[in-house]
Amino acid sequence: MIPINLMLMMSSMVARRASYSASVRRIDPKLLADCVSARSSTCPSVMAVLPTLATTSDGVPVVMHDDSLKRTMGVDRLVAETRRAELPAAVPTFEQAIACFAELGLGCNVEIKPCEGREAETGRATVEALRTFWPASLPAPLLSSFKDESLKAARQAAPEYARALLISEVAETWQARAEAVGAAGLNVGGRKLTVPGAVAIKRAGYTLSIWTVNDPDEARAFVGMGADCIITDKPDVILAALK
């Protein structure tokens, strides 16, 4: 098997697929089983999950892909305008998610996805939760975000956690932005990633993670471009392709 990290994109999977519950403990057991069993295979670096975090009006980090509850929960209300106690029971807090990761022995790339105007606040709330609840038995999590201010706030509050800058494409400013937030890696959208872009990231000394890759041929191509991690909704399919 190719020695590549594989990551289940948990929050977007919850948001896109109606057949999956938003409750961390009720996500398709086969997908989580793939995550766990892969670690005992010939590719022990597999696997981690990628939850996307927002914060409630009272500052509680919760696993939620969208700003609004409407698409996933059927409630026409913004997460940022809702207290934790008012959220549907199916929306897990980050604390509950961490307990699930600990039970399954899964690593974590935490995507900080704040609503507008709460970038720094959400970054700080995320690392405060990690310091309180993250178990010593698991490897230290990676923080990622499209929002530079979230990563800067997280770095200031908890510099011990590694950071990755999330970008949709490799624009001219990527390296300056990565340096400004003290990033160790780039999480790049696969749709617009070119070979020169991947080479530039690797030559600059950053790790390269690519999202969201569900096609086996694309996964193999990205590995050939130097990817360190493939982020996917379909770990079973991509694992089979990379054997």
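The notes below deal with the structure included here. This structure is a prediction, so every number in the text was calculated from the model and none was measured.

Moving on, we come to the overall build of the chain. Secondary structure summary: the chain contains 10 helices and 10 strands in total. Per-residue burial for the chain yields a buried fraction of 51% across its 243 residues. When contacts within the chain are restricted to residue pairs at least 6 apart in sequence, long-range pairs at least 24 apart make up 58% of them. Carbon and sulfur atoms form 51% of the exposed surface of the chain, whose accessible area is close to 10,800 Å².

All right, on to the packing of helix α5 (residues 119–133) against helix α6 (residues 148–157) then. Between α5 and α6, whose axes approach to 7 Å, the crossing angle comes to 40°. On the basis of their axis angle, the class for α5 and α6 is oblique. In terms of crossing hand, the pair formed by α5 and α6 is right-handed. Residues Glu 119, Ala 120, Gly 123, Arg 124, Val 127 and Arg 131 of α5 lie in contact with α6, whose contacting residues are Glu 149, Ser 150, Ala 153, Ala 154 and Ala 157. Looking at the contact of α5 with α6 residue by residue, the class counts come to 5 nonpolar, 2 polar and 4 charged.

The next thing to look at is the pattern of salt bridges. Considering all chains together, one arrives at 10 salt bridges under this definition. Between Arg 77 and Glu 86 there is a salt bridge, with its nearest N and O atoms 3.1 Å apart. According to the relative accessible area criterion, Arg 77 is partly exposed, its value standing at 34%. Classification of Glu 86 as partly exposed rests on a relative accessible area of 42%. The partner of Lys 152 in a salt bridge is Glu 149, with the nearest N and O atoms 3.6 Å apart. Of the two residues, Lys 152 and Glu 149 are both situated in helix α6; the distance of 3 residues between them amounts to about one turn of the helix. Judged by its relative accessible area of 34%, Lys 152 is partly exposed.

The next thing to look at is the packing of helix α4 (residues 94–104) against α5. Taken N-terminus to C-terminus, the directions of α4 and α5 make an angle of 45°; their axes are 10 Å apart at the nearest point. Of the possible angle classes, the one that applies to α4 and α5 is oblique. Pair α4 / α5 crosses with right-handed handedness. Where α4 abuts α5, its residues Phe 94, Glu 95 and Ile 98 lie against Thr 126, Ala 129, Leu 130 and Phe 133. The class makeup of the residues in the contact of α4 with α5 is 5 nonpolar, 1 polar and 1 charged.

Now for the nonpolar core. Grouped together as the largest cluster of nonpolar side chains are 24 residues, with contacts concentrated most on Leu 186, Val 188, Leu 193, Ile 201, Ile 210, Phe 222 and Ile 230. Going through the elements one at a time, β7 (163–167), α7 (174–180), β8 (185–189), α8 (195–203), β9 (207–211) and α9 (216–224) are the ones with two or more residues in this core. In terms of residue count, the dominant contributor to this core is α9 (3 residues). When residues no more than four places from it in sequence are discounted, the contact partners of Leu 186 are Leu 165, Ile 167, Trp 174, Ala 178, Ile 201, Tyr 206, Thr 207, Leu 208 and Ser 209. Counting 20 residues, the second largest nonpolar core, distinct from the first, contains Phe 94, Val 110, Leu 138 and Leu 143.

Within α9, the full set of buried residues consists of Ala 219, Phe 222 and Val 223. Take α9 and look down its axis: the buried residues cluster within an arc of 100°, on one side only. In α9, the exposed positions angled more than 90 degrees off the buried face are occupied by Asp 217 and Gly 224. Here the buried face of α9 lies against β9, β10 (229–232) and α10 (235–241).

To continue, consider the environment of Gly 59. Along the polypeptide, Gly 59 turns up in the loop between β3 (52–55) and β4 (61–63). Residue Gly 59 is classed as partly exposed on the basis of its relative accessible area of 29%. Separated by 67 residues in sequence, Gly 59 and Thr 126 have C-alpha atoms that sit 9.6 Å apart. The residues touching Gly 59, leaving out its near neighbours within four places in the chain, are Arg 118 and Ala 125.

Criteria and cut-off values
- Residues numbered from 1 in each chain as written.
- Predicted model: local features only at pLDDT ≥ 70, side-chain atom pairs only at ≥ 80, totals over all residues.
- Heavy atoms only, no water.
- Helix = DSSP H or I, 4+ residues; strand = E, 2+ residues; numbered from the N terminus.
- Buried < 20%, exposed > 50% of the residue type's maximum accessible area, 1.4 Å probe, protein only.
- Contact = heavy atoms within 4.5 Å.
- Areas by Shrake-Rupley, 256 points an atom, 1.4 Å probe, with all protein chains shown as cover.
- Axes fitted to C-alpha atoms, helices over the stretch in contact; angles between N-to-C directions.
- Parallel < 35°, antiparallel > 145°, perpendicular 65-115°, else oblique.
- Left-handed = near helix turned anticlockwise from the far one by under 90°.
- Nonpolar A, V, L, I, M, F, W, Y, C, P; charged D, E, K, R; others polar.
- Salt bridge = Lys/Arg side-chain N within 4 Å of Asp/Glu carboxyl O.
- Core = buried A, V, L, I, M, F, W, Y, C linked by side-chain atoms within 4.5 Å.
- Arc of directions from axis to C-beta.

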